[in-house]
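Residues per chain are reported as follows:
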Amino acid sequence: MDQLIPIAIFLAVLFLLLGSGVWVGLALMGVAYVGMELFTSRPAGDAMITKVWSSSSSWTLTALPLFIWMGEILYRTRLSEDMFRGLSPWMARLPGGLVHTNIVGCTVFAAVSGSSAATLTTVGKMSIPELRRRNYPEHLVIGTLAGAATLGLMIPPSLTLIVYGVTINESITKLFMAGVLPGLVLALMFMAYVAITAKLSRDFDPVPEPHMTLLAKIKNSRFLIPVILLILVVIGSMYLGIATATEAAAFGVVGSMLLALAQRSLTLATFFDSLMGAVRTSAMIALILAGAAFLSLSMGFTGIPRGLADLIASWDLSRFQLLMALLVFYIILGCFLDGISSVVLTMAVVEPMIREAGIDLIWFGIFIVVVVEMAQITPPIGFNLFVLQGMTGHEMTFIARAAIPMFLIMVLMVFVLILFPDLATWLPENIRQRV
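Residues numbered from 1 in each chain as written. Predicted model: local features only at pLDDT ≥ 70, side-chain atom pairs only at ≥ 80, totals over all residues. Heavy atoms only, no water.

Draft legend 1. Inspection of the overall build of the protein chain at higher detail. Counting secondary structure elements, the protein chain contains 21 helices and 0 strands. In terms of C-alpha radius of gyration, the protein chain reaches 22 Å, essentially the compact-globule figure of 22 Å for 435 residues. Dimensions along the principal axes, computed over C-alpha positions, put the protein chain at roughly 75 × 45 × 45 Å. Buried residues in the protein chain amount to 57% of all 435 residues. Sequence-distant contacts in the protein chain: of pairs separated by 6 or more residues, those separated by 24 or more amount to 80%. On the protein chain, roughly 18800 Å² of surface is accessible, and the fraction owed to carbon and sulfur atoms is 68%. Looking at the protein chain, you have 24 positive and 24 negative side-chain charges, and the mean spots of the two groups are 12 Å apart. (Helix = DSSP H or I, 4+ residues; strand = E, 2+ residues; numbered from the N terminus. Rg over C-alpha atoms; globule rule 2.2 N^0.38 Å. Buried < 20%, exposed > 50% of the residue type's maximum accessible area, 1.4 Å probe, protein only. Contact = heavy atoms within 4.5 Å. Areas by Shrake-Rupley, 256 points an atom, 1.4 Å probe, with all protein chains shown as cover. Lys, Arg positive; Asp, Glu negative; His and termini not counted. Charge placed at Lys NZ, Arg CZ, Asp CG, Glu CD.)

Draft legend 2. Broad picture of helix 9 (residues 159-168). Among the 10 residues of helix 9, 8 are classified as buried, and the element is accordingly described as predominantly covered. Considering only its buried residues, helix 9 is in contact with helix 4 (63-75), helix 10 (172-200), helix 14 (268-302), helix 17 (339-357) and helix 18 (361-375). Its side-chain oxygen 3.4 Å from the backbone nitrogen of Thr160, Ser158 forms the N-cap of helix 9. Of the residues one or two after helix 9, Asn169 is the one with positive phi, at around 60°. (Polar contact = N/O pair within 3.5 Å; in protein donor to acceptor, adjacent residues only side chain to side chain.)

Draft legend 3. How the structure looks around the pattern of salt bridges. Per the counting criterion, the structure on display carries 4 salt bridges. Between Glu130 and Arg133 there is a salt bridge whose closest N-O contact spans 2.7 Å. Taken together, the residues span about one helical turn, with Glu130 and Arg133 both in helix 7 (residues 116-133) at a distance of 3 residues. A salt bridge links Glu138 to Arg132; the nearest nitrogen and oxygen atoms lie 2.7 Å apart. Taking the relative accessible area as the measure of exposure, Arg132 reaches 37% and is therefore partly exposed. (Salt bridge = Lys/Arg side-chain N within 4 Å of Asp/Glu carboxyl O.)

Draft legend 4. Structural context of the side chain of Glu130. Overall, the relative accessible area of 17% leaves Glu130 in the buried class. Side chain to side chain, Glu130 and Arg134 meet in a polar contact 2.6 Å long.

See below:
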């Protein structure tokens, strides 16, 4: 009960600042500053300067702008067009046809871009016109694209996993390894949904693809070679222990530039645009992380995280009950905040609970990424919904309804992770690495 007044003040100031349109990072700093002034005797300004600098000068954090830059460069290449040409011959004969190119294309691009929005835009700008031209159901095209694009948050290099790792001081490489198998399983679940829907739906009547010989399919697959090579360089260098996450990100930037040069799509203008796009996104995330670090320090002085952890421990919840409570909590929070903001805003309180319950922090990183993926497709703030609205011109309600099956599949994925925790922990425990 002693914690209720500080919690109420923190929440009131936070909602006031967020509601007034202040940037999330500045809102977090404002809440922390008020907390330091009211509940501690330590000078708030000195504490803020020290904490913001220490959180911003982390070497691990240097991987973040590099991976963002790599995604920005690839977004400006003909990668999506080449991926569609390489994938479509193999997807055409599956139940559900070329809708699977949405899912497989997002899975492939997610392995070279840690951003859900970049994945969605890159794959969607090519697949949506092609699938419409072939008379695929609009709700299925939109829904699968909204859901599959969230794989950019899980399959490495994932910006959300980098932020989570920096926030709790955990190995980025281990987290990247942990995201591979769950990401692939989630992609397969999306594909299974498409196949079942295609078999059961009466309005599924696309224009059939012309028959292609095996030799022609293999010939078309050459368009996938550049992106596969880039994936092998970036992900393989980490998993084989050749490079750290930061070094792999540098390899990725160089590789993406070489790919853009080979496609003749790297000009001074696209280079400058990609650089400025990376700077804007990196600065936004860095500001959020700095604000969250200061807020964590402020809340630590008040004793709120420890007090809440002790309170929940006194309820004697099982691990499953605690995870279900967090699942509901993050789904609700995701309706109003983006995934990265949700992670950094809550880790100061949630991390002690997780440690107290004996839950593996690597496994929990994957759990929380699946849950915040849902935030990308839940109204009113679901970012993927806004991107799709701009690309397709549909009403937000139509896009949100189309994404509901993907949302439910992600909820199912949470239970799959709980039932089979080795999905997230096997790779980090069994593959040699250099952290």
